Amino acid sequence: MPVTPGHPFYSRLNEVLDKAGFDRFCEECCARFYHAKLGRPSLPPGLYFRIMMIGFFEGLDSERGMAWRLADSLTLRQFLSIGLDEKTPDHVTISRTRRLIDGETHQRVFTWVLERLAQGGLIKGKTIGVDSTTLEANAAMKSIVRRDTGESYTAYLQRLAEAEGVDATDAAALRGMDRKRKKKMSNEVWENRNDPEAEITRLKDGRTALAYKAENAVDMQTGAIVAVTTHGGAAADTATVEMTVLEAGVAVAGLIGEPTPEGEYKVHFSGLEEVVTDKGYHSNEVVRSFTEMELRTYISEPERGERNWEGKPAEQEAVYANRRRIRGARGKRLQAQRGERIERNFAHQFDTGGMDRLYVRGVVNVHKKLLIQAAACNLALLLRSLYGAGKPRAAHDRIIEAAFAILFFLDAIERLVVSKVCELRQSAALRFRIRSEKWHFR
């Protein structure tokens with residue numbers, strides 16, 4: 001059968017994964033989820049995790065999109081070692097495999113990628129930045145029901161309209177009454193039975209929707225994602241940041257003993273020491289808690305006016321120390337780096353990476369997707385340090401730039417040769433004219 005040369009980016013990605021024994025590691029972790037005889041034909045573990053990473057590299061938002069892209073692309077067939085005469089996995093097989101492999105195994109794969117970054121000197125671990133974003137869930141606000149009675153939102157409105165003497169059968173009157181009345185969509189009152197763990201919240205674009213919250217801890221020196229946590233969309237930043245920082249501290253501690261090929265240990269020997277966040281994470285309890293954990297905080301402080309510290313000496317000392325640090329040169333520099341280290345990762349994961357909207361349900365499934373998305377983002381960082389390109393499109397653009405550079409170089413040489421030839425012709429003509437004039441004079 002004919003074989004395509006493949007995309008250079010995916011060829012290099014396979015080289016990195018094969019050299020580190022990725023498939024063998026995945027098979028050892030997932031052996032207990034597979035049966036020797038029973039069940040439908042399944043995906044090998046290494047193939048499954050590669051398919052999930054393709055969603056990041058190709059900007060695909062759903063497993064249906066991944067399955068369609070696999071069937072259509074010769075490059076991805078070669079990346080997954082699927083022949084032209086073989087059938088690519090359909091979306092049912094991909095989603096079924098995701099549900100069967102537990103979240104702990106996905107976490108182990110994410111940690112495996114972190115170890116490769118530590119061996120490449122791309123994790124320092126001393127200072128981390130924490131930030132979060134909301135992702136629209138695969139559940140509609142129109143399908144919410146009351147937790148106590150089970151009635152839909154429309155039925156609830158009709159009941160209110162009858163109580164107020166409004167015609168409940170008039171849709172326009174119902175909408176007008178709904179717009180005028182004061183309402184609050186509380187998660188304690190409403191839920192979506194298709195995805196009960198999704199929570200009602202306001203998204204970044206101002207819409208109210210059911211959503212989840214993804215929170216990342218990022219190495220502020222290299223941009224590597226060291227921890228990922230998943231929460232309901234309405235969870236406050238101050239309530240989740242401690243869990244994320246603890247996850248990051250455990251991850252960094254496990255990487256301290258990873259040497260580089262030169263035998264050096266790049267991860268900070270004392271582990272995590274500093275935390276950088278925006279003002280949404282600032283509270284007395286958060287700053288005091290991190291101080292008790294012996295972590296230096298660089299948390300932007302919102303304008304709250306004059307504070308009353310009566311009976312709160314520990315909180316006052318912690319907040320004042322944090323205020324001194326963020327007003328210093330290092331604090332300002334770290335806050336300025338947040339956009340480069342943290343926001344850029346969010347752009348890669350959720351904008352160009354195809355996860356601005358979720359197509360899975362349940363916090364466990366969402367967390368699995370986020371872990372593999374973050375692992376792929378870390379692999380992109382590793383490939384960028386090795387080959388200069390972290391995504392297929394970036395590698396393609398670099399090839400085009402190199403081709404144009406070669407063409408420009410050849411064009412410059414051609415221009416130089418032509419100019420030299422013209423100079424030689426002009427000098428030869430001048431010498432001939434001088435000789436002719438001398439002969440005529442004689």
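Definitions and limits used
Every residue gets a number counted from 1 within its own chain, in the order that chain's sequence is written. Only residues with pLDDT of at least 70 are given local features in this predicted model, and only at 80 or more are side-chain atom pairs given and counted; all residues enter the totals for whole chains, interfaces and linings. Side-chain figures throughout are based on the complete set of non-hydrogen atoms in the structure, without hydrogens or water. Counting from the N terminus, the helices are DSSP H or I runs at least four residues long and the strands are E runs at least two residues long. Each residue gets one of three labels from its accessible area relative to the maximum for its type: buried under 20%, exposed over 50%, partly exposed in between, using a 1.4 Å probe on protein chains only. Note on definitions: a residue-residue contact is assigned when non-hydrogen atoms from the two residues lie within 4.5 Å. Exposure was quantified through the Shrake-Rupley algorithm and a 1.4 Å probe, taking into account, for residues, occlusion by the shown protein chains and nothing else. A pair of Phe, Tyr and Trp rings is counted when the ring centres sit within 6.5 Å of each other, with Trp represented by its six-membered ring. The angle between the planes then sorts it: under 30 degrees is stacked, over 60 is edge-to-face, the rest tilted. Cation placement over rings: the criterion is NZ of Lys or CZ of Arg within 6 Å of the ring centroid and within 35° of the ring normal. A fitted line through C-alpha atoms represents every axis, and for helices the fit uses only the stretch in contact; the resulting angles, taken between N-to-C directions, go from 0 to 180 degrees. Oblique is the label for every angle not falling under 35 degrees (roughly parallel), over 145 degrees (roughly antiparallel), or within 65 to 115 degrees (roughly perpendicular). Under the grouping applied here, Gly and all other residues not named as nonpolar or charged are polar, the nonpolar ones being Ala, Val, Leu, Ile, Met, Phe, Trp, Tyr, Cys and Pro and the charged ones Asp, Glu, Lys and Arg. Salt bridge, as used here: a side-chain nitrogen of Lys or Arg that lies within 4 Å of a carboxyl oxygen of Asp or Glu. Within the patch definition used here, like charges are joined within 9 Å and nonpolar side chains (Val, Leu, Ile, Met, Phe, Trp, Tyr) within 5 Å, considering only residues with over 30% relative accessible area and no salt bridge. Charged residues are defined here as Lys and Arg on the positive side and Asp and Glu on the negative side; His and the ends of the chain fall outside this count. Lysine's charge is taken at NZ, arginine's at CZ, aspartate's at CG and glutamate's at CD. Whether two strands pair comes down to DSSP finding at least two bridges between them. Polar contacts here mean pairs of N or O atoms no more than 3.5 Å apart (in protein, one a potential hydrogen donor and the other a potential acceptor; neighbouring residues in sequence count only if both atoms are side-chain atoms). For a helix, the expected span equals 1.5 Å multiplied by the number of residues minus one.

K.L.:
Tell me about the overall build of the chain, residues and numbers included.
P.N.:
Summing up its helical and strand segments, the chain has 15 helices and 8 strands in all. Every one of the 442 residues in the chain was classed for burial, and the buried ones make up 45%. In the chain, of all internal contacts separated by at least 6 residues, the share reaching a separation of at least 24 is 70%. On the chain, roughly 24200 Å² of surface is accessible, and the fraction owed to carbon and sulfur atoms is 52%.

K.L.:
Give a detailed account of the packing of aromatic side chains, specifying residues and quantitative values.
P.N.:
Using the criterion set out here, one finds 13 aromatic pairs in the structure. Arranged with centres 4.9 Å apart and planes meeting at 45 degrees, the rings of Tyr10 and Phe79 form a pair that is tilted. Of the two residues, Tyr10 sits in helix H1 (residues 8-19) while Phe79 sits in helix H5 (residues 74-79), which places them 69 residues apart along the sequence. Phe79 shares its class with Tyr10; the two are buried. Aromatic ring contacts, followed pair by pair, group Phe9, Tyr10, Phe56, Phe57 and Phe79 into a single cluster. Directly above the aromatic system of Trp112 lies the positively charged group of Arg116, at a separation of 4.5 Å from the ring centroid.

K.L.:
Residues and numbers for the packing of helix H12 (residues 313-327) against helix H13 (residues 329-351), please.
P.N.:
Relative orientation of the contacting elements H12 and H13 amounts to 75 degrees, with a least axis distance of 4 Å. Here H13 runs roughly perpendicular to H12, going by the angle between their axes. Counting all contacts with H12, which are made through Arg325, Ile326 and Arg327, the residues of H13 involved are Ala329, Gly331 and Lys332. Of the residues belonging to the contact of H12 with H13, the class tally is 2 nonpolar, 1 polar and 3 charged.

K.L.:
Could you give an account of the pattern of salt bridges, with specific residues and numbers?
P.N.:
Overall, the coordinates contain 24 salt bridges when judged by the stated rule. Between Arg296 and Glu274 there is a salt bridge, with its nearest N and O atoms 2.7 Å apart. With Arg296 in strand E8 (residues 296-299) and Glu274 in strand E7 (residues 274-277), this residue pair connects regions lying 22 residues apart in the sequence. Residues joined by salt bridges that share partners form a network here, namely Asp131, Asp278, Arg338 and Glu343.

K.L.:
Please provide a residue-by-residue account of a positive patch on the surface, values included.
P.N.:
Taken together, Arg40, Lys87, Arg96 and Arg99 make up a surface patch of like positive charges. Structurally, Arg40 is set in the loop between helix H2 (22-30) and helix H3 (45-58).

K.L.:
Outline unusual backbone geometry, supporting the account with residue identities and numerical values.
P.N.:
Unusually for a residue other than glycine, Ser81 sits at a positive phi of about 60 degrees. Position of Ser81 relative to the elements: it lies in the loop between H5 and helix H6 (91-100). Look at Glu294: it is not a glycine, yet its phi comes out positive at around 60 degrees. Following the sequence through the fold, Glu294 ends up in the loop between helix H11 (284-292) and E8.

K.L.:
Explain the pairing of strand E1 (residues 127-136) to me, and be specific about the residues and the numbers.
P.N.:
Within E1, 10 of the 10 residues are buried, which leaves it mostly tucked inside the rest of the structure. Side chains Thr127, Gly129, Asp131, Thr133 and Leu135 project from E1 onto one buried face, and the interleaved Ile128, Val130, Ser132, Thr134 and Glu136 project onto a second face that is buried too. Pairing analysis gives 3 bridges linking E1 to E7, with the strands arranged parallel. Considered in E7, the bridge of Thr127 is made with Glu274.

K.L.:
Please provide a residue-by-residue account of the pairing of strand E5 (residues 208-219), values included.
P.N.:
In regular strands, side chains alternate between the two faces of the sheet. Of all 12 residues in E5, 11 are buried, a share of seventy percent or more. Pairing analysis gives 9 bridges linking E1 to E5, with the strands arranged antiparallel. Paired with Gly129 across the strands is Val218, a residue of E5. Sheet analysis places strand E4 (residues 199-202) next to E5, joined by 4 bridges and oriented antiparallel. The residue bridging Glu199 from the neighbouring strand is Ala211, located in E5. From the end of E4 to the start of E5, which pair antiparallel, there are 5 residues, and Gly206 there has a positive phi angle of about 95 degrees.

K.L.:
A description of the side chain of Ser73 should follow, citing residues and the corresponding values.
P.N.:
Of note, Ser73 is situated in the loop between helix H4 (63-72) and H5. Looking at Ser73, its side chain comes within polar contact range of the main-chain nitrogen of Thr75, at 3.3 Å.

K.L.:
Let's hear about the environment of His348: which residues, and what values?
P.N.:
Checked against the element boundaries, His348 lands in helix H13. Residue His348 is classed as partly exposed on the basis of its relative accessible area of 23%. Separated by 291 residues in the primary sequence, His348 and Phe57 place their C-alpha atoms 9.3 Å from one another.

K.L.:
I'd like to hear about helix H7 (residues 103-119), residue by residue, with values.
P.N.:
Over its 17 residues, H7 extends 25 Å from the first C-alpha to the last, a length consistent with the 24 Å expected when each residue adds 1.5 Å. Inspection of H7 places Thr105, His106, Val109, Phe110, Trp112, Val113, Leu114, Arg116, Leu117 and Ala118 among the buried residues, and these make up the whole buried set. Immediately downstream of H7, the backbone of Gly121 shows phi near 75 degrees, a positive value.

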